Amino acid sequence: MTLSSAPGKVYLFGEHAVVYGEPAVPCAIERRARVEVRQRDDGRLRVNAEDLSLNGFTVEYGATADARPDVDVPESLVTAATQYVDGAIEQVREVTGAEEAGFDVTIESDIPLGAGLGSSAAVVVAAIDAATRELGVTLDRDELAERAYRTESQVQDGQASRADTFCSATGGAVRVEGDDCRSLEAPELPIVIGFDGGAGETGQLVAGVRDLREEYDFAAHTVEAIGDVVRNGEDALADGDVEEIGRLMDFNHGLLSALGVSSRSLDTMVWAARDAGAHGAKLTGAGGGGCIVALDPTEETETALSFTPGCEDAFRAELAETGVKRVE
Ligand SMILES: Nc1ncnc2c1ncn2[C@@H]1O[C@H](COP(=O)(O)OP(=O)(O)O)[C@@H](O)[C@H]1O
Ligand SMILES: C[C@@](O)(CCOP(=O)(O)O)CC(=O)O
Ligand SMILES: [Mg+2]
């Protein structure tokens, strides 16, 4: 049996635009997905993912068609729920050359699904790391991040960045621009997260921005403007200027809103945080629903969010210094 864990993340700046080659700065947080893998002799894959509930059903499933969950929901929803784990195991078989390898995979995660905290990347990174090690192969961080990226890219129809997967594999704050991925020195940040209890589907939201960008020059310019915000944000991070970081986060949220990826509840939480005196607030990740990230060293934002209708959970997040952790 082999166990690995990997952290989720928030985007300080740059989600969506990073898919088109602009820089982004995500930051790993101490909320983890733990994936336990045991090799099987019969070549089959069985995945036990208790947190995997989507539109009210919970699935436990295996790799073959007959092992798909017997639930009364459209196949497309089941595929949406299971594709990241399936894709991770495909990468494991490819990179180890063990095409026939079978596994029992158990996933436990404290990262809400589809909420912009990078649950998919954490699950994929931890699953690839644990399953390769179970086969006696230890990937270095870069190879692990690359394989995890390929999984996300495949699921998101070829439209994914390396940001989530590199951040989850490496930990800390990172900067990603195209295939240039590096760790960043970041000041200690007073991160507060608000969660509306909902989710957005990353693939669909990314496709929406792609279409807008193709249709309107101003949408393409909006994506470029996000890149400018990120470059300013990097300077503010280097200076440790939390107020300026917050102001740029506000700006980044406005541009994401213009691209159609915010929602009423995300906007409501963003404004509740600002009204409470946060330095800044923005949605994190793909959007559509899920989480916002705010900066506030005081208790005010967390308290205000916990009384905001539509906010289901508000909590402080610590930076995760370590990315993937190899437990045994
Ligand atoms: N605990 C989990 N168990 C199994 N699969 C998971 C788990 N957490 C996330 N996933 C996979 O990741 C998908 C959500 O990823 P995504 O839409 O990118 O949102 P995010 O990465 O922001 O959480 C889920 O539909 C599922 O396929
Ligand atoms: C929208 C995007 O920039 C980030 C998606 O983050 P998440 O899966 O919603 O946590 C997509 C990507 O970078 O691949
Ligand atoms: Mg994701």
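Our subject is the structure that appears above.
Because the structure is a prediction, the values reported are computed rather than measured.

A. Spatial organisation of unusual backbone geometry. The phi torsion at histidine 16 lies on the positive side, around 70°, for a residue other than glycine. Relative to the helices and strands, histidine 16 is located in the loop between β1 (2–13) and β2 (25–40). With a phi angle near 60°, aspartate 157 is a residue other than glycine that sits in the positive phi range. As for its position among the elements, aspartate 157 is in the loop between α3 (141–155) and α4 (163–170).

B. Inspection of the packing of aromatic side chains at higher detail. This model, assessed by the stated rule, comprises one aromatic pair. Between the aromatic rings of tyrosine 216 and phenylalanine 218, the centroid separation amounts to 4.7 Å while the plane-to-plane angle is 20°, which identifies the pairing as stacked. Under the relative-accessibility criterion, phenylalanine 218 is labelled exposed at 53%. Directly above the ring of phenylalanine 315 sits arginine 31, whose terminal nitrogen or CZ lies 4.0 Å from the centroid. Over the ring of tryptophan 271 we find arginine 274, and its NZ or CZ is 4.6 Å from the ring centre.

C. Just the side chain of aspartate 196, in detail. Here aspartate 196 is to be found in the loop between β8 (191–195) and α5 (202–215). As a buried residue without a salt bridge, aspartate 196 has its nearest oppositely charged side chain in arginine 264, at a separation of 11 Å. Reaching out from aspartate 196, the side chain makes a polar contact with the side chain of serine 265 at a distance of 2.6 Å. For aspartate 196, the contacting residues outside a window of four places in its chain are Ser263, Ser265, Leu266, Met269, Gly289, Gly290, Gly310, Cys311 and Glu312.

D. Summary view of the pattern of salt bridges. The full count for this structure, using the stated rule, is 22 salt bridges. Across the pair aspartate 211 and arginine 210 runs a salt bridge, and its minimum N-O distance is 3.5 Å. The exposure class of arginine 210 is partly exposed, given its relative accessible area of 22%. The shortest N-O distance in the salt bridge between arginine 231 and aspartate 228 comes to 3.1 Å. Placement of both arginine 231 and aspartate 228 in helix α6 (residues 217–239) is noted, with a separation of three residues, approximately one turn of the helix. Each of Glu22, Asp228 and Arg231 takes part in one network of salt bridges that share partners.

Calculation notes
- Residues numbered from 1 in each chain as written.
- Chains lettered and ligands numbered in written order.
- Predicted model: local features only at pLDDT ≥ 70, side-chain atom pairs only at ≥ 80, totals over all residues.
- Heavy atoms only, no water.
- Helix = DSSP H or I, 4+ residues; strand = E, 2+ residues; numbered from the N terminus.
- Phe/Tyr/Trp six-rings, centres within 6.5 Å; stacked < 30°, edge-to-face > 60°.
- Buried < 20%, exposed > 50% of the residue type's maximum accessible area, 1.4 Å probe, protein only.
- Lys NZ or Arg CZ within 6 Å of the ring centre and 35° of its normal.
- Lys, Arg positive; Asp, Glu negative; His and termini not counted.
- Salt bridge = Lys/Arg side-chain N within 4 Å of Asp/Glu carboxyl O.
- Polar contact = N/O pair within 3.5 Å; in protein donor to acceptor, adjacent residues only side chain to side chain.
- Contact = heavy atoms within 4.5 Å.

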